[in-house]
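# A closer look at the structure
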Amino acid sequence: MELLAIGEVAARSGLAPSALRHYEAEGLVTAERTAGGARRYPRSVLRRLAFVRAAQNVGLSLPEIREALASLPDGRTPSARDWERLSRDWRDRLDAQIAALVQLRDGLSSCIGCGCLSLTSCGLSNPGDVARAEGPGARRLSPLLRRLPPAGRAAVPAAPRAAGSGT
């Protein structure tokens, strides 16, 4: 089995080495270690990383992605059929996101979801600022567009590394 160094995986996947280390810590990918402790990844990790990126673009959290990857075979590189089976479940989620984005696009020129506090502009949609009773933020904006990213989707800060470290 051909093993790739972390720098090669980073270059080929477009991900920072710190992201690869984070994904390994999260259980999304695995690496072997050399006698010196350097990470070595199987070539199949490139497909897994492409899947992780696609799943994040759909809005899946890292725990959801980990669960999906756990259903893949251990003894072989996942096939197109395996990926199709997993991504089929994303259709409803994508359709809801598309509908929410269309709603946002169509309302952009007139309203930002009654979180603007402009009673002059929103007098018809929010007379007397009645939306304030619904809570802070753009309450009339689709929940898909005002939700915070899941805890596992936060930006991954780069870990400090010693100069010349490739692990």
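Residues numbered from 1 in each chain as written. Predicted model: local features only at pLDDT ≥ 70, side-chain atom pairs only at ≥ 80, totals over all residues. Heavy atoms only, no water.

## Looking at the packing of helix α3 (residues 45-58) against helix α4 (residues 62-70)
We count it as follows: Note on method: axes are straight lines fitted to C-alpha atoms, helices fitted across the in-contact stretch only, with angles between N-to-C directions ranging 0 to 180 degrees. Where helices and strands are cited, they refer to DSSP runs of H or I of at least four residues and of E of at least two residues respectively, numbered from the N terminus. Any angle that is under 35 degrees is reported as roughly parallel, and any over 145 degrees as roughly antiparallel; angles of 65 to 115 degrees are reported as roughly perpendicular and all others as oblique. Here a crossing is taken to be left-handed if its near helix is turned anticlockwise relative to the far helix by less than a right angle, and right-handed if that turn runs clockwise. In what follows, residue pairs with any heavy atoms lying within 4.5 Å of each other are defined as contacts. The nonpolar class holds Ala, Val, Leu, Ile, Met, Phe, Trp, Tyr, Cys and Pro. Asp, Glu, Lys and Arg form the charged class, and all remaining residues, Gly among them, are polar.
α4 packs onto α3 with a crossing angle of 135° between their chain directions and a minimal axis gap of 10 Å. Looking at the two axes, α3 sits oblique to α4. Like other packed secondary-structure pairs, α3 and α4 cross with a definite hand, here right-handed. Between α3 and α4, the residues in contact are Arg48, Phe51, Val52, Ala55 and Gln56 and Leu62, Ile65, Ala68 and Leu69, respectively. Of the residues in the contact of α3 with α4, the class split is seven nonpolar, one polar and one charged.

## Looking at the sheet that holds strand β3 (residues 39-42)
The criterion, for reference: Between any two strands, at least two bridges found by DSSP are needed for them to pair.
On the basis of which strands lie adjacent, the open sheet formed by three strands has the order β1-β3-β2 and antiparallel pairing. Because the sheet does not close on itself, it has two edges, and the strands there are β1 (3-5) and β2 (32-33). Taken together, the three bridges between β1 and β3 define a ladder with antiparallel strand orientation. The partner of Leu4 across the bridge, within β3, is Tyr41. Against the sheet, helix α1 (residues 6-13) engages β1 and β3, with an angle of about 85° to β1.

## Quick notes on the nonpolar core
As a rule of thumb, soluble globular proteins bury nonpolar side chains together. Quick reminder of the rule: Take the buried Ala, Val, Leu, Ile, Met, Phe, Trp, Tyr and Cys residues and link them wherever side-chain atoms come within 4.5 Å; each set so joined is a nonpolar core. Only protein chains enter the area calculation, which uses a 1.4 Å probe; residues under 20% of their type maximum are buried, those over 50% are exposed, and those in between are partly exposed.
Counting residues in each nonpolar core, the largest one holds 27 residues, and the members touching the most others are Val9, Leu20, Tyr23, Leu49, Phe51, Ile65 and Leu69. Those elements that place two or more of their residues in this core are α1, α2 (17-25), α3, α4 and α5 (80-88). It is α3 that provides the largest number of residues to this core, a total of seven residues. For Val9, the residues in contact, after removing those within four places along its chain, are Leu4, Gly14, Leu20, Tyr41, Val45, Leu46 and Leu49.

## Re the pattern of salt bridges
Operational definition: For this document, the term salt bridge refers to a Lys or Arg side-chain nitrogen within 4 Å of an Asp or Glu carboxyl oxygen.
The full count for this structure, using the stated rule, is five salt bridges. As a salt-bridge pair, Glu26 and Arg66 come within 3.2 Å of each other at their nearest N and O atoms. Here the residue Glu26 occupies a position in the loop between α2 and β2, and Arg66 occupies one in helix α4, the gap between them amounting to 40 residues. Of the residues examined, Glu26 reaches a relative accessible area of 25% and is grouped as partly exposed. Close ionic contact of Glu64 with Arg93 constitutes a salt bridge, the shortest N to O distance being 3.4 Å. Of this pair, Glu64 sits in helix α4 while Arg93 sits in helix α6 (residues 91-107), placing them 29 residues apart in sequence.

## Considerations on the pairing of β3
Every other side chain in a regular strand lies on the same face of the sheet, so the side chains alternate between the two faces. In this sheet, β3 lies alongside β2 in antiparallel orientation, the contact comprising two bridges. In the strand pairing of β3, Arg33 is matched with Arg39. Hairpin geometry of β2 and β3 is characterised by an intervening segment of five residues between the two adjacent antiparallel strands and by a positive phi of about 90° at Gly37.

## Details of the packing of aromatic side chains
Rules: Under the pairing criterion, centres of Phe, Tyr and Trp rings, with the six-membered ring standing for Trp, must be within 6.5 Å; the plane angle then separates stacked pairs below 30 degrees from edge-to-face pairs above 60, leaving the rest tilted.
With the rule as written, the count across this model stands at one aromatic pair. Taking 5.4 Å as the distance between ring centres and 35° as the angle between the ring planes, the aromatic pair formed by Phe51 and Trp90 counts as tilted. Taken together, the residues Phe51 in helix α3 and Trp90 in the loop between α5 and α6 connect sequence positions 39 residues apart.

## As for the confidence of the model for the chain
Basically, it comes down to this: Confidence scores here are pLDDT values: one per residue, from the predictor, ranging 0 to 100.
Taken over all residues, the pLDDT of the chain has a mean of 76, while the share at 70 or more is 66%. Note on residues 151-167: pLDDT under 50 across the span, and 18 contacts to partners over four residues away in sequence or across chains.

## Digging into the packing of α1 against α2
Contact pair α1 / α2: the axes reach a minimum separation of 9 Å and the direction vectors enclose 105°. Taken as axis vectors, α1 and α2 run roughly perpendicular relative to one another. Across the interface between the two elements, Ile6, Val9, Ala10 and Ser13 of α1 pack against Pro17, Leu20 and Arg21 of α2. The class makeup of the residues in the contact of α1 with α2 is five nonpolar, one polar and one charged.

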